[in-house]
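Residue-level structure breakdown
As a plain string of letters, each chain reads:
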Amino acid sequence: MVQINFARKEVNCKIVYYGPGLSGKTTNLEIVHEKAPPDRKGDLTSIATEGDRTLFFDFMPLELGKVGGMNTKFQLYTVPGQVYYNATRKLVLQGADGVVFVADSQREKLEENLESFKNLEDNLREQGLDLKKLPMVMQYNKRDLPSALPVADLDKAMNKYAAPTIEAVAVTGEGVFPTLKKLASMVLDNLNKQYGVGAKPAGPPPKAGAKDGKADSGEIPKEAPPERERVGVAAGAGAGARAQTAGGGVPGEGSTPGRGKIQRESALSSAGTDAPARPAGREATGREAPLRRPEPAAGGGAPAAARGGGRGAAEKSSEIARERGEERERRGPASVGRPGGGGGSKQPQVIVAGDKKKEAAGGGPSAMVILLGIVLAIVAVLGVLWYTGILDEILGTATGGR
Amino acid sequence: MDENLRESRLIFYREDVERINRVLEEFLKLSGAKCNILIDKEGHPVTQVGTTENINLDTISALVAASFAATREMARLLGEDEFTILSHQGKKDHIQLTLIADRCIMATLFDDKTTIGMVRLYAHEASKKLNGVFRDIEERKEHPDESIAEDFGAAAKGALDDVFGG
């Protein structure tokens, strides 16, 4: 829910990236963090497993700046995509003002997309929200892959709410900003309708299952379906082809991150292993091995082979993804924000549960275990942040203060 | 606290925040805590008092709200309505999270200059006062002197072009 704070002169909106596992939600946020102007972004915080799979959420604040005297901010979240994290997805989805559904365009992922979309509908319904009223953008990601379905087919299968669709290759940045810009625009339209001069604050949202026609605070009154908008990406056949996307160039390209930095806490670790675990259970469920988070130890051909041996643009994407994964691995220990940097600093406590042990048990973890792990992970992140703050104070005192 | 307050969108006007700040400051003075941050359940910071210069407010707010949401779900699975107070103890600094009016979380940071008992005692008192403030906020429907500018939407879209490229 939008928070309007006249004392702090702030308008805060929450945007959630939703979708099946490995569809590119976290990649979207990483690209936004990389490309956004330094003075407009905060830290990107990820609570993830050692295998770089989102465990609870990724979070990043983004400021539009002063608008109408109010500092307008978006809080961007991603949810964990794997099926058994539904409980945590519900928590992250609470209070969402807009949703980006990131779909994996590959033919073999269609069923997962549909399952995830239905899951989104169900979770929103539990909160009394409706996708007919909630601002949403469909992002069809991984357009560069050879098995990507035509957009028309994806629309027919998934886009029953006629939401705007944006084609993307998130790992290269294509389509990421247009997606966010489109959704942000829809959220702001909604906000303006609700809170313009003379408008009364909306009442509580209808309860789940309510049949009344009472206006919901998230409602976009419309007589006709919203305009379908497609922002296309050039077909992936040509290596190096740049997408023509509405929204033009990406601002801040090439600029170095300013005050925003990435903090990644590895909440779960598989003890004694260097390479991120590849859960056995995933194979057991018949799911394809993860594609977009290449292990640093993996050979060059592994990601491409996992995609069925695609060539050309697929290889280029996998190379970029591999480089990102390696960069993330290099950045990992020093990115937590501990002073002095480097792996010599004390690591936060982690629960040794991890993907390996969970999957060895042959099934998903219970909700209690997941929640306990999440809570401890968050406590660890909080501890590091507090620790960083204290040390800064001490250093300030040691050098003579102000 | 009723369903309406929990679910309704809250708008914080200046006088509301001033009232809240007075309660939080009194709590700090009595308990000896370092700072208090009030965060709504969606993870947006509402206000803060005390020493907060080195605190990444946005991130802390998101994490606190997420932590609270996760433990609330745990409580539900255990047959409780929710856990209204969470405490985390560090080596030097500690934090207590207190649910306020089913709508906000008060995050109190304190160190060994005080005790958790003192913090908990005064947090309970502050919570009761803040419940009253929130009840007043919820019952007031609009504030004629403060509202969003009429051209907010158009201006905001212009700002989008600045951030994302036009």
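None of the values given here were measured: they were computed from a predicted structure.

Before going further, it helps to examine the overall build of chain A. When you go through chain A residue by residue, the secondary structure sums to ten helices and ten strands. The contacts in chain A between residues at least 6 apart in sequence include a share of 75% that link residues at least 24 apart.

Attention shifts here to the overall build of chain B. In terms of helices and strands, chain B carries five helices and six strands. Helices and strands appear in chain B in the N-to-C order α-β-α-β-β-α-β-β-β-α-α. A buried classification covers 45% of the 166 residues belonging to chain B. At a minimum sequence separation of 6, the contacts of chain B that also span at least 24 residues come to 55%.

Residue and element names in this part refer to chain B. When the terminal C-alpha atoms of helix α3 (residues 57-77) are compared, their 30 Å separation across 21 residues agrees well with the 30 Å that a helix rising 1.5 Å per residue should span. Most of α3 sits inside the fold, with 17 of its 21 residues counted as buried. Positive phi shows up at Gly79, right after α3, with a value of about 95°.

Our next topic: the sheet that holds strand β6 (residues 104-111) of chain B. All names here are of chain B. The strand order β3-β2-β6-β5-β4 describes an open sheet built from five strands, whose pairing is antiparallel. A strand with exactly one partner marks an edge of an open sheet, and here the two such strands are β3 (45-50) and β4 (85-89). Adjacent strand axes in the sheet meet at a mean angle of 15°, parallel and antiparallel pairs treated alike. Strand contacts of α3: β2 (35-40), β3, β4, β5 (93-100) and β6, with the helix running at about 65° to β2, the strand carrying the most contacts. Contacts between helix α4 (residues 116-139) and the sheet are confined to β4, β5 and β6, with β5 contributing the most and set at about 30° to the helix.

Residue and element names in this part refer to chain A. Burial within strand β2 (residues 10-18) is extensive, with eight of its nine residues counted as buried. Pairing geometry for strand β1 (residues 3-5) and β2, over three bridges, is antiparallel. Residue pairing in the sheet places Asn5 in a bridge with Glu10 of β2. The antiparallel pairing of β1 with β2 creates a hairpin that spans four residues between the two strands, and Lys9 there sits at a positive phi of about 55°. Summarising the sheet, β2 and strand β5 (residues 70-78) pair through eight bridges and their orientation is parallel. Paired with Lys14 across the bridge in β5 is Gln75. Sheet topology places β2 next to strand β6 (residues 98-104); four bridges connect them, and they run parallel. Bridge pairing links Ile15 to Gly98 in β6.

Once that is clear, we can look at the nonpolar core. Ranked by size, the top nonpolar core spans 129 residues in total, and within it Val16 and Phe101 of chain A together with Ala66 and Ile105 of chain B carry the most contacts. Considering each element in turn, this core owes the most residues, twelve residues, to helix α10 (residues 367-398) of chain A. Residues contacting Phe101 of chain A, with those up to four places away along its chain left out, are Tyr18, Gly19, Phe117, Leu120, Met136, Met138 and Gln139 of chain A.

Moving on, we get to unusual backbone geometry. Apart from glycine, the bulk of residues carry a negative phi angle, and the bulk of peptide bonds sit in the trans form. Residues and elements named next belong to chain A. In this structure, Leu22 takes a positive phi of about 65° despite not being glycine. Along the chain, the position of Leu22 falls in the loop between β2 and α1 (25-35). Even without being glycine, Ala162 reaches a positive phi, approximately 50°. Classification of Ala162 as partly exposed rests on a count of 14 C-beta atoms within 10 Å.

Among the secondary structure elements, Glu126 of chain A is positioned in helix α3 (residues 110-126). Counting along the chain gives 32 residues from Glu126 of chain A to Gln94 of chain A, while the straight-line C-alpha distance between them is 9.9 Å.

Further remarks concern the environment of Gln94 of chain A. For Gln94 of chain A, the position within the fold is in the loop between α2 (86-93) and β6. A C-alpha to C-alpha distance of 9.1 Å links Gln94 of chain A and Asn123 of chain A, two positions 29 residues apart in sequence. Apart from residues lying up to four places away in sequence, Gln94 of chain A is in contact with Gln127 of chain A together with Glu42 and Ala69 of chain B.

This paragraph deals with the packing of α2 of chain A against α3 of chain A. Angle between the axes and distance between the axes are the two parameters that describe a pair of packed helices. Residue and element names in this part refer to chain A. Where α2 meets α3, the axes come as close as 10 Å, and the angle between the chain directions of the two elements is 55°. In terms of axis orientation, α2 runs oblique to α3. Of the two possible hands of crossing, α2 and α3 adopt the one that is right-handed. Of the residues in α3, those touching α2 at Asn86, Arg89, Lys90 and Leu93 are Asn119, Asn123, Leu124 and Glu126. Among the residues forming the contact of α2 with α3, the class breakdown is two nonpolar, three polar and three charged.

Residues and elements named next belong to chain B. Taken together, the five bridges between β4 and β5 define a ladder with antiparallel strand orientation. The partner of Leu86 across the bridge, within β5, is Leu97. Between β4 and the antiparallel strand that follows it, β5, lie three residues.

Moving on: the environment of Val49 of chain B. All names here are of chain B. Checked against the element boundaries, Val49 lands in strand β3. Overall, the presence of 20 C-beta atoms within 10 Å leaves Val49 in the buried class. When the C-alpha atoms of Val49 and Arg22 are compared, they prove to be 9.2 Å apart, with 27 residues separating the residues in sequence. The residues touching Val49, leaving out its near neighbours within four places in the chain, are Asn21, Leu24, Glu25, Leu28, Cys35 and Asn36.

Let's shift gears to the confidence of the model for chain B. Confidence along chain B averages 85 in pLDDT terms, with 90% of residues attaining 70 or more. Of the two predicted TM-score estimates for the complex, the pTM is 0.69 and the ipTM is 0.82.

So, how was this worked out
- Residues numbered from 1 in each chain as written.
- Chains lettered and ligands numbered in written order.
- Predicted model: local features only at pLDDT ≥ 70, side-chain atom pairs only at ≥ 80, totals over all residues.
- Helix = DSSP H or I, 4+ residues; strand = E, 2+ residues; numbered from the N terminus.
- Contact = placed C-beta atoms within 7 Å.
- Buried ≥ 20, exposed ≤ 12 C-beta atoms within 10 Å, placed from the backbone.
- Expected span 1.5 Å × (residues − 1).
- Pairing = 2+ DSSP bridges.
- Axes fitted to C-alpha atoms, helices over the stretch in contact; angles between N-to-C directions.
- Core = buried A, V, L, I, M, F, W, Y, C linked by C-beta atoms within 7 Å.
- Parallel < 35°, antiparallel > 145°, perpendicular 65-115°, else oblique.
- Left-handed = near helix turned anticlockwise from the far one by under 90°.
- Nonpolar A, V, L, I, M, F, W, Y, C, P; charged D, E, K, R; others polar.
- pLDDT = per-residue confidence, 0-100.

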